[in-house]
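The residues making up each chain are set out below.
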There are 2 protein chains.
Amino acid sequence: MKKLINAPERVLDDALAGVAAAHPDLSVDVGARTITRAGGPTTGKVALVSGGGSGHEPLHGGFVGPGMLDAACPGEVFTSPVPDQLLAAAERVDGGAGVLFVVKNYTGDRLNFRMAADLAADEGIAVATVTVDDDVAVRDSARTAGRRGTGATVFVEKIAGALAERGADLPSVVDMAERVNAATRSFAVALSACTPPAAGRPGFELGEDEIEIGVGIHGEPGRRRERFRSAKDTVATCMDAILDDLPPVTGEGTIVMVNGLGATPLIELYVVFNEVAAVLAEKGATIARSLVGDYVTSLDMAGVSITVCAADAEMLSLWDAPVNTPALRWGV
Amino acid sequence: MKKLINAPERVLDDALAGVAAAHPDLSVDVGARTITRAGGPTTGKVALVSGGGSGHEPLHGGFVGPGMLDAACPGEVFTSPVPDQLLAAAERVDGGAGVLFVVKNYTGDRLNFRMAADLAADEGIAVATVTVDDDVAVRDSARTAGRRGTGATVFVEKIAGALAERGADLPSVVDMAERVNAATRSFAVALSACTPPAAGRPGFELGEDEIEIGVGIHGEPGRRRERFRSAKDTVATCMDAILDDLPPVTGEGTIVMVNGLGATPLIELYVVFNEVAAVLAEKGATIARSLVGDYVTSLDMAGVSITVCAADAEMLSLWDAPVNTPALRWGV
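Residues numbered from 1 in each chain as written. Chains lettered and ligands numbered in written order. Predicted model: local features only at pLDDT ≥ 70, side-chain atom pairs only at ≥ 80, totals over all residues. Heavy atoms only, no water.

**Section: the sheet that holds strand β12 (residues 303-310) of chain A**
Residue and element names in this part refer to chain A. Heads up, the condition is: A pair of strands is considered paired only if DSSP assigns at least 2 bridges between the two. Helix and strand assignments follow DSSP, with helices taken as H or I runs no shorter than four residues and strands as E runs no shorter than two, numbered in order from the N terminus. Simply put, an axis is a line fit to the C-alpha atoms, just over the touching stretch for a helix, and the angle between two N-to-C directions goes from 0 to 180 degrees. The contact rule is simple, with two residues in contact once any of their heavy atoms fall within 4.5 Å.
Reading across from one edge, β9-β8-β7-β12-β10-β11 is the order of the six strands in this open sheet, with mixed pairing throughout. Here the strands that pair on one side only, and so sit at the sheet edges, are β9 (224-227) and β11 (287-293). Averaged over all adjacent pairs, the angle separating strand axes in this sheet is 20 degrees, with direction ignored. Contacts between helix α8 (residues 313-320) and the sheet are confined to β10 (254-260), β11 and β12, with β11 contributing the most and set at about 45 degrees to the helix.

Printed below as a string of structure tokens:
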């Protein structure tokens, strides 16, 4: 294992110190493992708090800032954040209008966010939770009951975050978050496994021409392995799975994310985007907005996830609203 | 070789079609291989044109847009763009105030940009050229006489692009581009080689615990190979080389880029940034601005480059000016 780290047990502390040094707009508490907006809570605004295992950067710390999250809580690599950490984040960002926990659907994450919500409620903080479960590859797994939460998290955090920034109340923000999750589906393929620093070896082995179809963002196995043929064929597999499960995509237009899993060159992501656009055009669907890049990664895994959101006009308007975070920035 | 492509000879065409589909603000001519701003030339503004081999995305196409480049000309992977292509771009973006070619210091690039400049002059387009040569790792190589051009290209394109956007004339924009290049140095290390699609195999082999010190962005060899010890030691090697060669960094503040070469997880880039910040703090230097992410890549190479610009107040002001491109966006 070669990684640009000092020691496996120091990765998260060192990276958080790097986030603090690089982003003066963020307040990073390395000890408490919280990343919040500098300047403290926004009075009267619903606060969005997300978190999950590290190794998926820029998710979630890269999405903290005006227009998106108020706080992110990184756990150890591929390990859920703990309840005290989530509670500390909720306390720090609560501006009196309540807190929305954005949780990816993994059993450990759900449990720890639920415990934190109970602890926060004991302190008089109103907490609601939205669970993101957009990955149509598998129904249940060792880590989840139901679908896994992956790329849609970016869409929920952006769109519900924009609504919160406009001053909407907690039930309205919850409703929007749930609508975005319901309108969004993802599917991923891996060309190689990732190597968690503490494990020191890849989570699985793929043959010289094999790809894992429907892989999870921790290297969980997917639906099957198959021989790689072409970007076009791979995208067809992903898009079939997504569109089978998605509400009609012929409305206001889709928001499409072609997301690198960590080790995939951007030139390949654009080749994939071109194939996604061709499939959607064939279905009569319009791509209204898009993201191409690394947004929800899986350490050094080579591969791609595709996320499609069948957006309505309100979602598009909120997507376009200003956002000012390390990983998404426009309109400011 | 596993890559998310359809065929090695189609990579660039497919990727350019993907860029066109993803970015309606850009005008992509797949046949002519030019990426320009939608809407045509800006009358009275100096136009910035850059280009180089593909495989370094988002460089240069991802930097086309208001506040930065007017056009990018991607060659085949790791292959210089051709003179006719560069001439076509100059013709498309010339707004009557002249064109600045931003050229990375590789022999093929310099030759072809020079031929294009001659052809453009024959058509009455005023062309000036700035050559970027920031990589302190090696003095000469198979591809270059003198230092190679790498990360500083982003700084030159951003800062000189902002000055052009403010309406400065060609000599002023040239002068600023040269000042930025003179104030900026880079150094890179690789943990693995990249695999060009047409070659189908890695450019070199590294042992299980070896890193290449001073690698180039096409996988050119660097100064030496050594055993990887820690991010801290690796950064110390890079920063010694950079700071030995850079003007004093104790002025207005530095702009620092910690750049992933393609396959390096963002969490590792933040670990590296933390070590860079520690070295600069020890020297009494301030980090005024920073970029952490993949900006100048080398396909699927694992590794990092560090770029430091000893910026003056004018450069910082131009850095902060609005920019609206796929890969850099703020202030708009």
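Picking up after the structure, the text goes on.
**Digging into the relation of the copies chain B and chain A**
Look at the two chain copies: a rotation about an axis and a shift along it is all it takes to match them. Short version of the rule: The atoms used to superpose the copies are C-alpha atoms, taken from residues with pLDDT of at least 70 in both, and the fit is least squares.
At an RMSD of 0.0 Å, chain B and chain A line up after a rotation of 180 degrees and a shift of 0.0 Å along the axis. Here the copies are linked by what is in effect a two-fold axis. Nearest to the rotation axis, the C-alpha of Ala263 of chain B is located 1.8 Å from it, this being the minimum over chain B. Most of the interface of chain B is mirrored in chain A: 100% of its interface residues are interface residues there too.

**Some thoughts on the layout of surface pockets**
With a probe scaled to a water molecule rolled over the atoms, the places where space remains empty come into view. Let me state the cut-off plainly: Points on a 1 Å grid over protein atoms alone make up a cavity when a 1.4 Å probe fits among them but cannot get out, and a pocket when they form an open set with protein on both sides within 12 Å along at least five of seven lines; lining residues each have an atom within 4 Å of a point. Grid points are joined across faces, edges and corners, and a volume is the space filled by probe spheres set on the points. Classification convention: Asp, Glu, Lys, Arg as charged; Ala, Val, Leu, Ile, Met, Phe, Trp, Tyr, Cys, Pro as nonpolar; all other residues, Gly among them, as polar.
Of the pockets and cavities examined, the second largest pocket occupies roughly 1,400 Å³. Ser192 and Asp300 of chain A together with Ser192, Ala193 and Asp300 of chain B are, among the 41 residues lining the second largest pocket, the residues nearest its centre. Of the residues contributing to the lining of the second largest pocket, the split by class is 18 nonpolar, 10 polar and 13 charged.

**Comments concerning the interface of chain B and chain A**
Worth spelling out the cut-off: Using a 1.4 Å probe, buried area is obtained as the accessible area two parts lose upon being combined, added over both of them. Here, a salt bridge means any Lys or Arg side-chain nitrogen found within 4 Å of an Asp or Glu carboxyl oxygen. For this analysis, a polar contact is any N or O atom pair within 3.5 Å, provided that within protein one partner can donate a hydrogen and the other can accept it, and provided that sequence-adjacent residues contribute only side-chain to side-chain pairs.
At the interface, 59 residues of chain B touch 59 residues of chain A. For chain B, the biggest contributors to the area lost against chain A are Lys2, Leu4 and Ile267 of chain B; these three give 20% of the whole. Among the salt bridges present, the one from Lys3 of chain B reaches Glu268 of chain A, with a minimum N-O distance of 3.9 Å. One can count 25 residue pairs in polar contact (both at pLDDT 80 or more) joining chain B with chain A. Among the elements that make up the side of chain B that touches chain A, the one with the highest residue count is helix α7 (residues 266-282) of chain B (10 residues). Split into classes, the residues belonging to the side of chain B that touches chain A amount to 31 nonpolar, 14 polar and 14 charged.

**Some remarks on the nonpolar core**
We count it as follows: By nonpolar core is meant a set of buried Ala, Val, Leu, Ile, Met, Phe, Trp, Tyr and Cys residues that side-chain atoms within 4.5 Å join together. Burial classification: accessible surface area is computed with a 1.4 Å probe over protein chains only, and a residue below 20% of its type maximum counts as buried, one above 50% as exposed, and the rest as partly exposed.
One finds Leu100, Val154 and Met239 of chain A together with Leu100, Val154 and Met239 of chain B to be the most contacted residues of the largest nonpolar core, which totals 218 residues. Apart from the residues within four sequence positions on either side, Met239 of chain A is in contact with Val276, Val279, Leu280, Ile306 and Val308 of chain A.

**A look at the environment of Leu16 of chain B**
Residue and element names in this part refer to chain B. Along the polypeptide, Leu16 turns up in helix α1 (residues 11-22). Here the alpha-carbon distance between Leu16 and Leu111, two residues 95 residues apart in the chain, equals 24 Å. Excluding its chain neighbours within four sequence positions, the residues that come into contact with Leu16 are Val28, Val30, Arg33, Ile35 and Pro74.

**Some words on the sheet that holds strand β5 (residues 99-104) of chain B**
All names here are of chain B. Taken in spatial order, the six strands make up an open sheet running β1-β2-β4-β3-β5-β6, and their pairing is mixed. Two strands bound the open sheet, and with one partner strand each, they are β1 (26-29) and β6 (127-132). Averaged over all pairs of adjacent strands, the angle between strand axes in this sheet comes to 20 degrees, irrespective of strand direction. Summarising the sheet, β1 and strand β2 (residues 34-37) pair through four bridges and their orientation is antiparallel.

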